Amino acid sequence: MEISNKLSYIYGFISPILDILILAVLIYKAYDFMSKTNSIQILKAAIIVLIAYAAAYFLKLNTVLWLLNIIAPGLIIAFAVIFQPEIRKLFLKIGQSKWFAFGSRSKHTYVDSVLVAAEMLSKQKRGMLAVFIRHTKVDNYMQSGTKLNADLSSNLLVTIFGMDTPLHDGACFIQGGKLVAAGCFLPLSEVYDIKKTFGTRHRAALGLSELTDAVVLVVSEETGAISLAYDSKLHYDLSMTELTKTLENLLEITPESYNMEDTIDESKPIV
């Protein structure tokens, strides 16, 4: 009995702490998902409605309470309609979470080729848009361009984006060391407070990152800055070291998996 009492005491002490920790993690994860998809607007709107309802309840505003109770079902439907894009993005992010990822994941082994091409095009002030496919299907976006299924190389990328070819204005899709498609059109971002200086390439890169878990590399035609868009955010003007480390983490690449034939030789001029 004494041991049973001790276990009950320990359980009674640990249980509330565990309860609070689990609830805190769930709240944090929910907020994190919502912030990455701009769905925080839903939370703000819901809080405003709850504050209005609480104020009406405590101040005994019977008419306001009556009105809110009547329109409550309509408000739920209105939320679903108005915030449909944000809700869709929220569930996309939840489905893309590593918590729900099963099985083996493909390794992208030719990132160095893309970075070499990006640096060359950056120095030439030529724009580039390269999409690294991860888990979300992007077939509908690839169908807007030309399917290539070619072996990926820096020379091929420079040829596509460095010359005024029919494919240079669109985006290319990369998967498993292959240049799957080029000249593809991407959805533009719905973010209203994006910098006015960002052109169509940056808006398209951010737009795709809002709808999928793809990682998009952008080279600015105006400034030559190289940026990455992922998780609904645009990381502007990154160094080669930052680009390499970020892509290694996002695409789960080990240094041994790199194709070292295209590494940058700082002693050679880039023309």
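Residues numbered from 1 in each chain as written. Predicted model: local features only at pLDDT ≥ 70, side-chain atom pairs only at ≥ 80, totals over all residues. Heavy atoms only, no water.

Undergrad: Can you tell me about the overall build of the protein chain, naming the residues and giving the values?
TA: Per the secondary structure count, the protein chain includes 9 helices and 7 strands. A burial count over the protein chain gives 39% of its 271 residues as buried. Contacts in the protein chain between residues at least 24 apart in sequence constitute 64% of all its contacts with a sequence separation of at least 6. Carbon and sulfur atoms make up 63% of the accessible area of the protein chain, which amounts to about 16,300 Å² in all. (Helix = DSSP H or I, 4+ residues; strand = E, 2+ residues; numbered from the N terminus. Buried < 20%, exposed > 50% of the residue type's maximum accessible area, 1.4 Å probe, protein only. Contact = heavy atoms within 4.5 Å. Areas by Shrake-Rupley, 256 points an atom, 1.4 Å probe, with all protein chains shown as cover.)

Undergrad: So what's going on with helix H7 (residues 154-162)? Which residues, and what values?
TA: Taken as a whole, H7 has its buried residues at Ser154, Leu157, Val158, Ile160, Phe161 and Gly162. Where H7 is buried, its residues touch helix H5 (111-123), strand E1 (128-132), strand E2 (146-151), strand E3 (171-175) and strand E4 (178-184).

Undergrad: Give me the environment of alanine 150: which residues, what numbers.
TA: Here alanine 150 lies in strand E2. Along the backbone, alanine 150 and valine 180 are 30 residues apart, and their C-alpha atoms lie at a distance of 6.5 Å. Contact partners of alanine 150, with chain neighbours within four places excluded, come to Leu156, Gly177, Lys178 and Leu179.

Undergrad: Please give an account of unusual backbone geometry that cites residues and values.
TA: Peptide bonds are trans in most cases, and residues, glycine excluded, mostly fall at negative phi. Unusually for a residue other than glycine, lysine 60 sits at a positive phi of about 55°. In this structure lysine 60 comes out as exposed when scored by relative accessible area, which is 65%. A positive phi is found at aspartate 231, a non-glycine position, where the angle reads about 55°. Following the sequence through the fold, aspartate 231 ends up in the loop between strand E6 (226-230) and strand E7 (233-235).

Undergrad: So, the layout of surface pockets: which residues are in play, and what are the values?
TA: As a volume, the second largest pocket reaches approximately 260 Å³. Taken together, 17 residues make up the lining of the second largest pocket; nearest its centre are Leu129, Asp169, Thr200, Arg201 and Ala204. Of all the elements, helix H8 (residues 200-211) adds the most residues to the lining of the second largest pocket, at 4 residues. Looking at the lining of the second largest pocket residue by residue, the classes come out as 8 nonpolar, 5 polar and 4 charged. (1 Å grid on protein atoms, 1.4 Å probe; cavity = no way out; pocket = protein on both sides within 12 Å on 5 of 7 lines; lining within 4 Å. Points joined across faces, edges and corners; volume = space filled by probe spheres on them. Nonpolar A, V, L, I, M, F, W, Y, C, P; charged D, E, K, R; others polar.)

Undergrad: Explain the pairing of E3 to me, using residue names and the numbers behind them.
TA: Among the 5 residues of E3, 4 are classified as buried, and the element is accordingly described as predominantly covered. Two elements, E1 and E3, share 3 bridges in a ladder whose sense is parallel. The residue bridging alanine 130 from the neighbouring strand is cysteine 172, located in E3. Note: E3 against E4, 4 bridges, orientation antiparallel. Within the sheet, the bridge partner assigned to alanine 171 lies in E4 and is cysteine 184. (Pairing = 2+ DSSP bridges.)

Undergrad: I'd love a proper account of the pairing of E6, names of residues and values included.
TA: Buried residues dominate E6, accounting for 5 of its 5 residues. Burial along E6 is two-sided: the face carrying Ile226, Leu228 and Tyr230 and the face carrying Ser227 and Ala229 are both buried. Two elements, strand E5 (residues 215-219) and E6, share 4 bridges in a ladder whose sense is antiparallel. Considered in E6, the bridge of valine 218 is made with serine 227. The turn linking E5 back onto E6 is made up of 6 residues, and glycine 224 within it adopts a positive phi angle of 80°. Summarising the sheet, E6 and E7 pair through 3 bridges and their orientation is antiparallel. Counted as the bridge partner of leucine 228 is histidine 235 from E7.

Undergrad: Describe the sheet that holds E3, naming the residues involved and giving the relevant values.
TA: The strand order across the open sheet formed by 7 strands is E2-E4-E3-E1-E5-E6-E7, and the pairing between neighbours is mixed. Each end of this open sheet is capped by a strand with a single partner; those strands are E2 and E7. Strand-to-strand, the axes of this sheet are offset by a mean angle of 20°, without reference to chain direction. Across the sheet, H7 touches E1, E2, E3 and E4, and the angle it forms with E4 is around 5°. Contacts from H8 reach E1, E3, E5, E6 and E7, with the element oriented near 175° to E5. (Axes fitted to C-alpha atoms, helices over the stretch in contact; angles between N-to-C directions.)

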